[in-house]
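Tertiary structure, described
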Amino acid sequence: MRTACFVIPVAVLLSACTSPGGGGGDAGVRADLAADPGDEALPDVPEFHEPLTSVEVSRAGWTVRWDFGARELSFRRGEDVRLRFPGDGLLIGRVDALDDAQSYDPWWMYPASNAGDMYAPPAGLAWLAPTSGVAIRRDEAALGLHLVYPEGLTATLLVEAEADGRFRVTWKPEGDAGPALAYFRLRPRADAAEGFYGLGGVHDHPNHRGRTRPMQVEVDFDAESANNEAHVRVPLLIGTRGWGLFVQSLRGMAFDVARQADDLVEVTVGTGPATRDGLGFHLFGADRPLDVTARYYEVTGKPRLPARWALGPWVWRDEGVDQAKVVADMEAIRDHDLATTGYWIDRPYASAVNSFPFEPADYDDPAAMIARGHALGLRMALWHTPYADPSDPDSKPLYDSAKEKGYFPPVMATAFAKWGPPLDYTNPAAVAWWQSLLERYTDMGIEGWKLDYAEEVQLGVLGQRTPWLFHDGSDERTMHHRYQELYHRTYAETLPADGGFLLCRTGLFGDQANGVIVWPGDLDASFHRHGDEVIRDGVPKKAVGGLPASMVVGLSLGPSGFPFYGADTGGYIDLAGPPDKELFTRWFEQTALSSVMQVGNGESTVPWELGGPDGYDEEMLGWYRAYARLHLRLFPLEWTLATRLLSDGRPIQRPFGLQAPEAGSHPWDQYFFGDDLLVAPVTERGSRKRTVVFPAGDWIDWWNGEVVTGPATLERDAPLHVLPLFLRAGGIVPMLRPTIDAIAPTTEPARVDSYATSPGVLHVRVAPGLASSFRVHDGTEVGQEATATGWTLSYPSGQEFVEGAEFELSPVAARPVAVAMDGAPLAELAGVPALPIGLDPPAALPSPGWSWDPARGGVLRVRVPAGTHSILATR
């Protein structure tokens, strides 16, 4: 039974169809679309005596409107137009005939592909624009349009208001009339000055203005990796005026963002033979652009949170590792007092890739090794891939079994990874078999996976297919994306209920529901930006990029629906040996303020092995100790942000231009961690200063308490051991105690200080300012306000932090006259050591009371017991 439609009188239909610039007359108007043939009684239809100029559907102040005269679809907040699709905004690509050998990958159409004469578009390709539009449905929930195109083509456009600020659009050619169809093209117009974010992980700049972005891996023979590094692409574009465009398709796609014109976004989707099945896209609106991602999660699924211990710091090695080395590393981590939550073993550790037992000659008792890690408060993970290798005698029996049972794709392209063909995860029997093999590791206590490779399934090259066929009938035209999600889901289902650890190179929309933490693949162990020229085997190539690229990937992923990100600290591809002291230091400074900190590189160097050619020394080890502990101490802040994003959608690491759009600036090399921490890493070799863009307000230097007033762009000192880090006035940062080592349980609490043993006293860094509050993940709520007469603090305990709190307020330029708790005087503590110089935090106060130190602009520290308390410090 069809839904009743809003019926417009015939006179209105004709008027709409003969608007200036239209197709003229009633060409293409079908009577069966102007009335509902169903047997259900229609509601009363209003009679119009004047022609309609537009029709619309609205929800909570957001509106999608169709203008008949202009043949224009617009997305509005009130009357403020955020996006508009003018006459050429809804194009359908016709061709002379569909060719099954073609991939219809639109990337090769664009100059950025550098295809040149190597690519020819399909014969007869032309872009058809609607010549008229007729409303066939209008009610509170939806707006339906009948669009007339040249060459006898018609299409429907259904706009459904699904939720506040969220509209689903279904665009579908009607019937089989008209030419062969191969593409859809959206060409919305946006603000000529706004920034554009999202689109998944990119390496050059999180703001896409002026760039063409393919939504899939493409060959690039000029790159040192021979591909475009599009491992995680998400067709969600976010404008800084508070809108989002999500094109929900697995087909080949490209976004050309404000390159042809400052206000033009062009999205081309190569749907090929599936074009007449239609295209779905979504329009999202939010008052702040940072909140658009929440709308996206409503459509594609909320992220599955990893385990608490999965946020790191992690340590790993690559080659030359055996059981003795793993155990020695874990002991060294604790001997050197390095905050660490997990250790993973990279390749190789088995007798062959994916042969499943540990190599007995190297790992004589892996269960005992894992148990030792658990005793030290470390959780453990393994590197893995989706292959069965026929060339190695230790893995060939698995390959033979999989082949006999039909567990590989029935049709495969000839290019495989060096370890054989990938498993067919569309086959439920293959998935169950593979998971039964993975249980050999999880039964020992493995609780995480680093999932590598699995990118063989691609659309093709230069518009020609590389055909694949899978058990469920799908082929590479969708499985080039979908394979990744099935691969990740297979492993995610083996993880503990708390989420475990799932570190993946690849991803697509919706994959966040598997708990994916993204790592960007193999980056250069260098300061190179993506695209810089490097020499590989004597040939100039475009660099994948090092530390700068790592930052950009993380910042672009967060708004795109992947809030957890961890790059190899120090890089992986060795352009000139392992990361040296300067590169490694600058990199761990940055990853300390990332959502996941993981430490390892292609040369398997670790922070505590000193005196080698990389220049690692005791000085650097001390710096590493401080930043690794800072990352772990920030756990209450990050876990609060993580749990909040399930409702507010806001990423943990936030691009500057998305967090502060009013600043009108889009730097790639500084960002926000949450709302109040401004992070400005140094990304150039030899630099000991850097320019920082400050938004409006006062910003307090994390290390010395200096106040900077914005808006301003200022040069700041940045010695090698200092990460430029600033806290907004009024900002509140909940932290763990200065001695914290781990999150997971330990059987050696005298050696390993773990959150699982006790969350302990909550430490709270406060930058005094206008009244503000912060609710921690366990329900603890901290408030502060600076007034003309002093400083007030509020503290009701939550469910986990039940041992009280210690506040650290800075800057407080002069010693308070008095400090009171709940109206009674609080004692000033005697004998409190002076604040340490450098990166180390002060030791915790021994008991309730307060102290003041003139260092760092003046620091007031107040410790209070558990309960609900109000603190007043008088100037």
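Scroll up a little and you will see the structure.
The following refers to the structure shown. (Residues numbered from 1 in each chain as written. Predicted model: local features only at pLDDT ≥ 70, side-chain atom pairs only at ≥ 80, totals over all residues. Heavy atoms only, no water.)

Our next topic: the overall build of the protein chain. In terms of helices and strands, the protein chain carries 12 helices and 47 strands. Its C-alpha radius of gyration of 29 Å places the protein chain within 12% of the 29 Å reference for a compact globule of 875 residues. If you line up the protein chain on its principal axes, its C-alpha atoms span 90 × 75 × 55 Å. Here the protein chain has roughly 29800 Å² of accessible surface; of this, 52% comes from carbon and sulfur atoms. Looking at the protein chain, you have 75 positive and 116 negative side-chain charges, and the mean spots of the two groups are 3 Å apart. (Helix = DSSP H or I, 4+ residues; strand = E, 2+ residues; numbered from the N terminus. Rg over C-alpha atoms; globule rule 2.2 N^0.38 Å. Areas by Shrake-Rupley, 256 points an atom, 1.4 Å probe, with all protein chains shown as cover. Lys, Arg positive; Asp, Glu negative; His and termini not counted. Charge placed at Lys NZ, Arg CZ, Asp CG, Glu CD.)

Structurally, the position occupied by His481 is in helix H7 (residues 476-492). A distance of 2.8 Å separates a polar atom in the side chain of His481 from the backbone oxygen of Met215. The contacts of His481, once residues within four sequence positions are left out, are Met215, Gln216, Leu250 and Leu508. (Polar contact = N/O pair within 3.5 Å; in protein donor to acceptor, adjacent residues only side chain to side chain. Contact = heavy atoms within 4.5 Å.)

Attention now goes to the sheet that holds strand S11 (residues 180-186). Taken in spatial order, the six strands of this open sheet run S6-S5-S11-S17-S16-S13, and their pairing is antiparallel. Every interior strand has two partners, whereas the edge strands, strand S6 (126-128) and strand S13 (211-214), have only one. Neighbour-to-neighbour, the strand axes of the sheet open up by a mean angle of 25°, direction not taken into account. Sheet analysis places strand S5 (residues 90-95) next to S6, joined by three bridges and oriented antiparallel. Opposite Arg94, over in S6, you have Ala126 as the bridge partner. (Pairing = 2+ DSSP bridges. Axes fitted to C-alpha atoms, helices over the stretch in contact; angles between N-to-C directions.)

Okay, the pairing of strand S1 (residues 54-59) next. Both S1 and strand S2 (residues 62-67) contribute to a ladder of six bridges, which runs antiparallel. Looking across to S2, one finds that Glu56 is bridged to Arg65.

On to the packing of helix H3 (residues 323-335) against helix H4 (residues 366-375), then. At a minimum axis separation of 10 Å, H3 and H4 run at an interaxial angle of 10°. Taken as axis vectors, H3 and H4 run roughly parallel relative to one another. Where H3 approaches H4, its residues Gln323, Val326, Val327, Met330 and Glu331 are matched on the opposing element by Pro366, Met369, Arg372 and Gly373. A class-by-class count of the residues in the contact of H3 with H4 yields five nonpolar, two polar and two charged. (Parallel < 35°, antiparallel > 145°, perpendicular 65-115°, else oblique. Nonpolar A, V, L, I, M, F, W, Y, C, P; charged D, E, K, R; others polar.)

The next subject is the pattern of salt bridges. Enumeration over the complete set of coordinates arrives at 66 salt bridges. Put simply, Asp472 and Arg482 hold a salt bridge, and the shortest N to O gap is 2.9 Å. In this pair, Asp472 is assigned in the loop between strand S24 (464-465) and H7 and Arg482 in helix H7, connecting sequence segments 10 residues apart. Taking relative accessible area as the criterion, Asp472 reaches 37% and is therefore assigned partly exposed. The residue Arg728 makes a salt bridge to Asp676 at a minimum N-O spacing of 3.1 Å. (Salt bridge = Lys/Arg side-chain N within 4 Å of Asp/Glu carboxyl O. Buried < 20%, exposed > 50% of the residue type's maximum accessible area, 1.4 Å probe, protein only.)

Using the criterion set out here, one finds 50 aromatic pairs in the structure. In this structure, Arg347 is placed above the aromatic ring of Trp383, and the distance from its NZ or CZ to the ring centre is 5.5 Å. (Phe/Tyr/Trp six-rings, centres within 6.5 Å; stacked < 30°, edge-to-face > 60°. Lys NZ or Arg CZ within 6 Å of the ring centre and 35° of its normal.)

So, on to the environment of Pro745. Positionally, Pro745 belongs in the loop between strand S37 (732-735) and strand S38 (762-766). Judged by its relative accessible area of 46%, Pro745 falls in the partly exposed class. In sequence terms Pro745 and Leu451 are 294 residues apart; their C-alpha atoms lie 25 Å from each other.

Of all hydrophobic cores here, the largest spans 177 residues; its most connected members are Ile345, Trp449, Leu593 and Phe807. When residues of this core are assigned to their parent elements, the largest contribution, nine residues, is made by helix H10 (residues 618-633). Ranked by size, the runner-up nonpolar core spans 48 residues in total, among them Trp62, Leu143, Ala155 and Phe281. (Core = buried A, V, L, I, M, F, W, Y, C linked by side-chain atoms within 4.5 Å.)

To continue, consider helix H8 (residues 547-557). Burial of H8 is extensive: 11 of the 11 residues sit out of reach of the surface. Within H8, the full set of buried residues consists of Leu547, Pro548, Ala549, Ser550, Met551, Val552, Val553, Gly554, Leu555, Ser556 and Leu557. Contacts from the buried residues of H8 go to strand S12 (196-198), strand S26 (517-518), helix H9 (581-592), strand S31 (653-655) and strand S32 (671-673).

You can see Gly499 is positioned in the loop between H7 and strand S25 (501-504). On the accessibility criterion, Gly499 (5% relative accessible area) is buried. Sequence separation between Gly499 and Leu547 is 48 residues; the distance between their C-alpha atoms is 28 Å. Leaving out residues up to four positions away in the same chain, Gly499 has contacts with Arg304, Leu305, Pro306 and Ala307.

Quick look at the environment of Glu56 now. Here Glu56 is to be found in strand S1. On the accessibility criterion, Glu56 (29% relative accessible area) is partly exposed. Along the primary structure Glu56 and Asn514 are separated by 458 residues, whereas in three dimensions their C-alpha atoms are 37 Å apart. Setting aside residues no more than four positions away along its own chain, Glu56 makes contact with Thr63, Val64, Arg65, Arg138 and Leu143. Side-chain polar atoms of Glu56 contact the side chain of Arg65, separated by 2.7 Å.

Here the focus is the pairing of strand S36 (residues 725-728). Bridge count for strand S33 (residues 677-679) against S36 is three bridges, and the pairing is antiparallel. By the bridge assignment, Leu678 is partnered in S36 with Phe726. Across three bridges, strand S34 (residues 689-701) lies against S36 in antiparallel orientation. Following the sheet pairing, Trp699 is matched in S36 by Arg728.

Our focus in this paragraph is unusual backbone geometry. Following Gly312, the chain continues into Pro313 via a peptide bond in cis, with omega recorded as 15°. Along the chain, the position of Pro313 falls in the loop between helix H2 (292-300) and strand S19 (314-317). Here the residue pair Arg347 and Pro348 is connected by a cis peptide bond, since its omega of -5° sits within 30 degrees of zero. Looking at the secondary structure, you find Pro348 in the loop between strand S20 (342-345) and H4. For Ala226, which is not glycine, the phi dihedral falls at a positive 65°. Inspection of the secondary structure assignment puts Ala226 in the loop between S13 and strand S14 (236-239). Looking at Ala226, the relative accessible area reads 33%, which means it is partly exposed. The phi torsion at Phe356 lies on the positive side, around 85°, for a residue other than glycine. Here Phe356 lies in the loop between S20 and H4.

Attention now moves to the sheet that holds strand S15 (residues 243-247). Read across the sheet, eight strands follow the order S7-S8-S9-S10-S18-S15-S14-S12 without closing on themselves; strand pairing throughout is antiparallel. In this open sheet, the two edge strands, each paired with only one partner strand, are strand S7 (132-138) and S12. Here the strands of the sheet are splayed against their neighbours by 20° on average, with no regard to which way each runs. The pairing of S14 with S15 spans four bridges and is antiparallel. Bridging from a neighbouring strand, Gly239 pairs with Trp243 of S15.

Before going further, it helps to spend a moment on H9. For H9, with 12 residues, the first-to-last C-alpha span of 16 Å sits near the 16 Å given by 1.5 Å per residue. Most of H9 sits out of view: 12 of its 12 residues are buried. For H9, the full list of buried residues reads Lys581, Glu582, Leu583, Phe584, Thr585, Arg586, Trp587, Phe588, Glu589, Gln590, Thr591 and Ala592. (Expected span 1.5 Å × (residues − 1).)

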